[in-house]
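Here are the chains, one letter per residue:
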Amino acid sequence: MRTYLVFFSLIILMTSCSIKNRGELIGVRQKKWFGEKPYGMTLIEGGAYIMGKSDEDNAQLQNAQARTVTVPSFYMDETEITNSEYKQFVYWVKDSIALAMLARKADELELSEDNKDGIGEFAFKDSDTAKYTEFQKYMRQNYYDLSEDLYAGRALNWDSDIIWDTEDYLDQNYAEVMDSLYLPPELWYDGLPKLDVSKLVYTYTWFDADAAAAESKRTKKQFIDRAPYIKKEEVQIYPDTTVWIKDFVYSYNEPMHNDYFSHPAYQDYPVVGVSWTQAVAFCNWRTNFKNSYQRKKGEPNVSRFRLPNEAEWEYAARGGIPSGTYPWGSPYLLNDRACFLANFKPLRGDYAVDQAVYTVEAKSYYPNDYNLYNMSGNVAEWTNSSYNSESYEYVASLNPNMSFPNEKRKVVRGGSWKDVAYFLRVSSRDYEYSDTSRSFIGFRTVQDYLGTPKVKMR
């Protein structure tokens with residue numbers, strides 16, 4: 001009898017579907033996608049170019065052999081990520097940690113978000129179990145309670161504004177939580193409270209598709225267990241401001257150490273002191289931050305933000321000029337008015353001849369023909385690619401990239417304010433270790449273009 005009922009139900013289902021589509025193949029209709037240009041980015045339409053050195057290798061590095069490659073279309077930040085933009089990431093992490101600690105304290109005191117008189121205002125959004133949706137009940141019963149963290153998956157109350165002014169603290173419980181975010185008073189050196197930046201840890205997960213694909217190829221299985229390839233990362237995200245002193249021996253750079261990231265005078269300057277690992281964490285946060293907004297609007301997720309691979313970086317740096325030595329095309333470093341075209345070290349010991357001693361604002365000098373600023377000079381930039389001097393010989397010619405998790409050397413491109421002109425060439429390569437931060441290395445992000453730009457009939 002049960003078999004007949006299932007069969008009968010299936011017939012009804014198929015019949016109802018056929019009524020709507022008349023038995024024709026019409027596809028699954030989804031909400032139409034209108035690609036939106038990300039804020040502060042420009043579209044780099046894909047194409048082919050000769051990647052590597054087409055001129056003499058004066059440094060005898062022999063690590064950028066010329067070859068023709070093709071890259072798909074992508075968006076790229078017009079400028080390096082600035083102190084102000086990175087600070088938005090830092091503040092979000094700081095607020096989320098504070099909210100989580102306040103919510104846990106409220107949970108310990110058995111307070112709900114309906115309690116508006118004190119710390120209960122910051123209780124988890126789902127603190128009242130009567131308000132649980134069926135999905136929340138299912139997830140809490142089957143997953144959250146099995147986690148090492150009993151509070152995993154609980155929604156924070158972002159509707160309540162965090163109070164940072166000590167004079168306005170709500171109650172003793174609130175003061176106790178907020179005090180734990182700061183260094184002890186004996187470590188204050190100017191009488192002002194100092195945030196314990198070591199607690200600013202961003203945690204995220206990601207799927208290692210390359211490793212999963214390699215396992216699928218090795219075992220010849222189409223479907224494999226995904227669990228081993230879901231990686232969890234915990235990254236301290238505050239920039240290392242001591243790089244201004246560590247990078248230069250017997251040099252007075254304390255003002256840059258004290259003020260470069262914190263003072264509003266430098267808010268539009270490129271962020272430095274950020275390791276490759278921290279830059280990758282920023283990309284993950286930026287993706288989640290944007291997609292949380294998309295979901296609230298009922299819109300599809302955007303493609304993830306990421307670091308460019310070095311093929312994309314060089315293609316964008318050339319600005320559509322295939323044989324250009326620098327982003328502006330010519331082999332010269334000065335324009336027709338004898339003004340330098342980038343921020344670098346033109347002469348031995350003379351950092352100021354290009355009108356800049358350290359970094360300059362991210363929108364300084366002229367952009368290249370893709371409207372990208374400072375692709376050469378100012379700060380060198382992290383890429384997603386791992387460094388290998390021979391990688392050009394064996395990477396694919398379509399969107400080439402060599403990225404090995406175990407290879408800690410990451411490709412750095414563009415040269416910086418403290419480099420000589422050789423490193424400003426669009427074809428020059430350098431590297432730094434992924435856990436290392438420098439006063440002359442920053443980054444910018446890219447985003448994949450979904451679909452293909454409209455084909456123009458010639």
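Rules behind the numbers
Starting from 1, residues in each chain are numbered consecutively following that chain's sequence as written. Two thresholds apply to this predicted model, a pLDDT of at least 70 for residue-level local features and 80 or more for giving and counting side-chain atom pairs, whereas whole-chain, interface and lining totals are computed over all residues. By convention in this description, side-chain values take in all heavy atoms of the structure and omit both hydrogens and water. Nine residue types can take part in a nonpolar core, namely buried Ala, Val, Leu, Ile, Met, Phe, Trp, Tyr and Cys, and a core is a set of them joined through side-chain atoms within 4.5 Å. The classification of residues rests on relative accessible area computed with a 1.4 Å probe and restricted to protein chains. Under 20% of the type maximum is buried, over 50% is exposed, and intermediate values are partly exposed. Every helix listed is a DSSP run of H or I at least four residues long, and every strand listed is a run of E at least two residues long, numbered separately from the N terminus. When DSSP finds at least two bridges between two strands, those strands are taken to pair. Contacts are residue-level and defined by heavy atoms, with any inter-residue pair within 4.5 Å sufficient. Fitted lines through C-alpha atoms give the axes, limited to the stretch in contact for helices. The angle between two N-to-C directions lies from 0 to 180 degrees. Aromatic rings from Phe, Tyr and Trp, taking only the six-membered ring of Trp, are treated as a pair when their centres fall within 6.5 Å; an angle between ring planes under 30 degrees marks them as stacked, one over 60 as edge-to-face, and anything in between as tilted. Here, a charge over a ring means that NZ of Lys or CZ of Arg falls within 6 Å of the ring centre while also lying within 35 degrees of the ring normal.

A.B. asks: So what exactly am I meant to see when it comes to the nonpolar core here?
C.D. replies: Note that soluble globular proteins tend to have their nonpolar side chains buried in a common cluster. Within the largest apolar cluster, 49 residues are counted, with the highest numbers of intra-cluster contacts made by Tyr86, Phe89, Tyr202, Ile237, Trp382 and Phe443. Elements represented by at least two residues in this core include exactly helix 2 (83–108), helix 4 (172–179), strand 5 (201–207), helix 6 (243–246), helix 8 (276–297) and strand 8 (380–386). When residues of this core are assigned to their parent elements, the largest contribution, 9 residues, is made by helix 2.

A.B. asks: I would appreciate a short explanation of the sheet that holds strand 12 (residues 446–448) in the present structure.
C.D. replies: Whether parallel or antiparallel, the strands of a sheet pair through hydrogen bonds between backbone atoms. With respect to topology, 4 strands assemble into an open sheet ordered 1-4-12-7, the strand pairing being antiparallel. Each end of this open sheet is capped by a strand with a single partner; those strands are strand 1 (41–44) and strand 7 (305–306). Inspection of the sheet shows strand 4 (residues 74–77) paired to strand 12 by 3 bridges, in the antiparallel sense. Paired with Tyr75 across the strands is Gln447, a residue of strand 12. Sitting on the sheet, helix 9 (residues 310–318) touches strand 1, strand 4, strand 7 and strand 12, and the angle it makes with strand 4 is about 75°.

A.B. asks: I keep staring at the packing of aromatic side chains and nothing clicks. Help me out?
C.D. replies: Centre-to-centre distance and the angle between the planes together describe a pair of aromatic rings. On inspection of all chains with the given rule, the structure shows 33 aromatic pairs. Judged by centre distance (5.6 Å) and plane angle (15°), the rings of Trp92 and Trp158 are stacked. Note that Trp92 is positioned in helix 2 and Trp158 in the loop between helix 3 (134–142) and helix 4, a separation of 66 residues in sequence. What makes Trp158 partly exposed here is its relative accessible area of 40%. Taking 5.4 Å as the distance between ring centres and 85° as the angle between the ring planes, the aromatic pair formed by Tyr238 and Phe261 counts as edge-to-face. Placement of the pair is Tyr238 in the loop between strand 6 (230–236) and helix 6 and Phe261 in the loop between helix 7 (254–259) and helix 8, with a sequence separation of 23 residues. Note on Phe261: relative accessible area 6%, which makes it buried. Through successive ring pairs, a cluster of aromatic residues spans Tyr86, Phe89, Trp92, Trp158, Tyr202, Tyr204, Tyr238, Phe261, Phe282, Trp285, Phe289 and Phe443. The positively charged end of Arg409 is found above the aromatic ring belonging to Tyr431, 5.2 Å away from the centroid. Over the aromatic face of Trp276 sits the side chain of Lys410, whose NZ or CZ is 4.3 Å from the ring centroid.

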